[in-house]
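If you want the building blocks of each chain, they are given just below.
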Amino acid sequence: MVVAHRADWRDAPENSVWAVKKAIEKGINMVEIDLALTKDNKLVLMHDKTIDRTTTGKGQVSDYTLEEIRKLNLRDGLGSKTQMHIPTLEEVLDITKGKILINLDKGFDYINLVYPMLKQRHMLDEVLFKGTETYPEFNRKYSSIKNDIKYMPIIRLNSMEGWQKIKEYLDHYPVYGFEFTIGNDESKLIDFRKIRKKGARVWVNSLWPHHNAGHEDDKALDNPGVYQWYIDHAVNIIQTDRPAELIRFLKTKGLYNP
């Protein structure tokens with residue numbers, strides 16, 4: 001599976017309607033998007049704590065009502081003003097339903113708004129939540145909804161997390177998979193095949209070297225074979241900033257099914 005980080009932001013502004021549409025056009029399996037809340041409690045897509053970098057405005061999302069923030073324009077990856085605007089989560093769900101999966105970053109921050117919205121739209125099977133909690137913490141916080149949602153624990157191998165945390169989940173909860181942060185080298189790497197044998201997916205980000213022991217996206221521009229490392233280590237979900245390059249490589253191996 002290929003996951004487009006902040007949607008397909010190389011072809012459109014990050015976290016925009018068109019970034020999501022471009023990901024659908026490319027046959028990408030999942031888009032990762034980020035949430036923030038306006039002054040009048042409307043969920044919109046925004047990654048940063050402020051809107052300064054990605055829009056023509058200044059300040060925080062919470063400084064604006066939805067009507068006010070919609071008057072601003074999104075900027076592209078070069079910082080140039082576009083004609084696109086900050087979308088609401090509802091707008092994006094209208095586009096993605098039945099077409100592409102969503103990884104909802106910061107989804108738990110606004111779970112009281114997100115959960116009923118997804119339930120009403122019959123989209124709980126199309127959205128992935130993630131978190132860093134141990135299983136007891138997760139169970140305590142989300143026991144009332146845990147069996148309705150798709151959930152992926154984050155395992156920070158580079159911070160000495162490992163099999164104990166993994167085993168707690170495997171013993172008590174049907175996880176969608178596990179996301180791993182490996183570090184800048186392979187000294188903390190574990191055998192992902194053992195997890196795959198348990199029926200769980202393995203997610204590793206190809207974004208920056210501290211996620212993947214130095215097997216990051218930018219190296220793929222000169223050497224697409226850098227993605228072979230993920231295949232060799234039984235990774236079957238990759239979140240990327242270069243979905244076109246990753247898809248092209250996977251197709252050469254007969255491993256891509258949009």
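Under an unreviewed UniProt entry, the protein chain has the name Glycerophosphodiester phosphodiesterase and belongs to Elizabethkingia meningoseptica.

### What to know about the domain arrangement of the protein chain
Many authors give the size of an interface as the accessible area that is lost as the parts come together. By domain assignment, the protein chain separates into domain 1 (1-97) and domain 2 (132-257). Taken together, the 15 residues of domain 1 in the interface contact 19 residues of domain 2. A buried area of about 1,300 Å², summed over both sides, lies between domain 1 and domain 2, and 56% of it is on carbon and sulfur atoms. Summed over the three residues of domain 1 that lose the most area to domain 2, namely M1, V2 and R10, the buried surface amounts to 41% of that side. The tally of links from domain 1 across to domain 2 stands at zero salt bridges.

### Details of the packing of aromatic side chains
Each aromatic ring pair is described using two quantities: the centre-to-centre distance and the angle formed by the ring planes. Under the definition given, this model contains 17 aromatic pairs. The interplanar angle of 50 degrees and the centroid separation of 6.0 Å between the aromatic rings of F138 and Y169 together place this pair among those described as tilted. Taken as a pair, F138 in helix α5 (residues 135-142) and Y169 in helix α6 (residues 163-172) lie far apart in primary sequence, 31 residues in all. Each member of the pair, F138 as well as Y169, is classed as buried. Put simply, the rings of F108, F129, Y135, F138, Y142, Y151, Y169, Y173, F178, F180 and F192 touch in pairs and so form one group of aromatic residues. Positioned above the aromatic ring of W18 is the side chain of K21, whose terminal nitrogen or guanidinium carbon lies 4.7 Å from the ring centre.

### Some details on the side chain of E32
Within the element layout of this structure, E32 appears in strand β2 (residues 30-37). R6 provides the closest opposite charge to the buried, unpaired E32, separated from it by 5.1 Å. When neighbours within four sequence positions are excluded, E32 is seen to be in contact with V3, A4, H5, R6, A7, N15, N103, D105 and Q239.

### What to know about unusual backbone geometry
With a phi angle near 65 degrees, N41 is a residue other than glycine that sits in the positive phi range. The topology assignment puts N41 in the loop between β2 and β3 (43-45). Even without being a glycine, M160 presents a positive backbone phi close to 75 degrees. Examined against the element boundaries, M160 turns out to sit in the loop between β6 (150-156) and α6.

### Regarding the pairing of strand β5 (residues 127-131)
With five of five residues buried, β5 is to be regarded as a mostly interior element. A two-sided burial pattern is seen for β5, the buried positions comprising V127, F129 and G131 on one face and L128 and K130 on the other. The β-α-β motif built from strand β4 (residues 101-105), the intervening helix α4 (residues 111-120) and the parallel element β5 has right-handed crossover chirality. Here β5 runs beside β6; their pairing, made up of four bridges, is parallel. By the bridge assignment for β6, F129 is matched with Y151. For the crossover from β5 across α5 to β6, the handedness is right-handed.

Definitions and cut-offs
- Residues numbered from 1 in each chain as written.
- Predicted model: local features only at pLDDT ≥ 70, side-chain atom pairs only at ≥ 80, totals over all residues.
- Heavy atoms only, no water.
- Domains from an automatic or database assignment.
- Contact = heavy atoms within 4.5 Å.
- Buried area = accessible area lost by both parts, 1.4 Å probe.
- Salt bridge = Lys/Arg side-chain N within 4 Å of Asp/Glu carboxyl O.
- Phe/Tyr/Trp six-rings, centres within 6.5 Å; stacked < 30°, edge-to-face > 60°.
- Helix = DSSP H or I, 4+ residues; strand = E, 2+ residues; numbered from the N terminus.
- Buried < 20%, exposed > 50% of the residue type's maximum accessible area, 1.4 Å probe, protein only.
- Lys NZ or Arg CZ within 6 Å of the ring centre and 35° of its normal.
- Lys, Arg positive; Asp, Glu negative; His and termini not counted.
- Right-handed = clockwise from strand over helix to strand, strands pointing away.
- Pairing = 2+ DSSP bridges.

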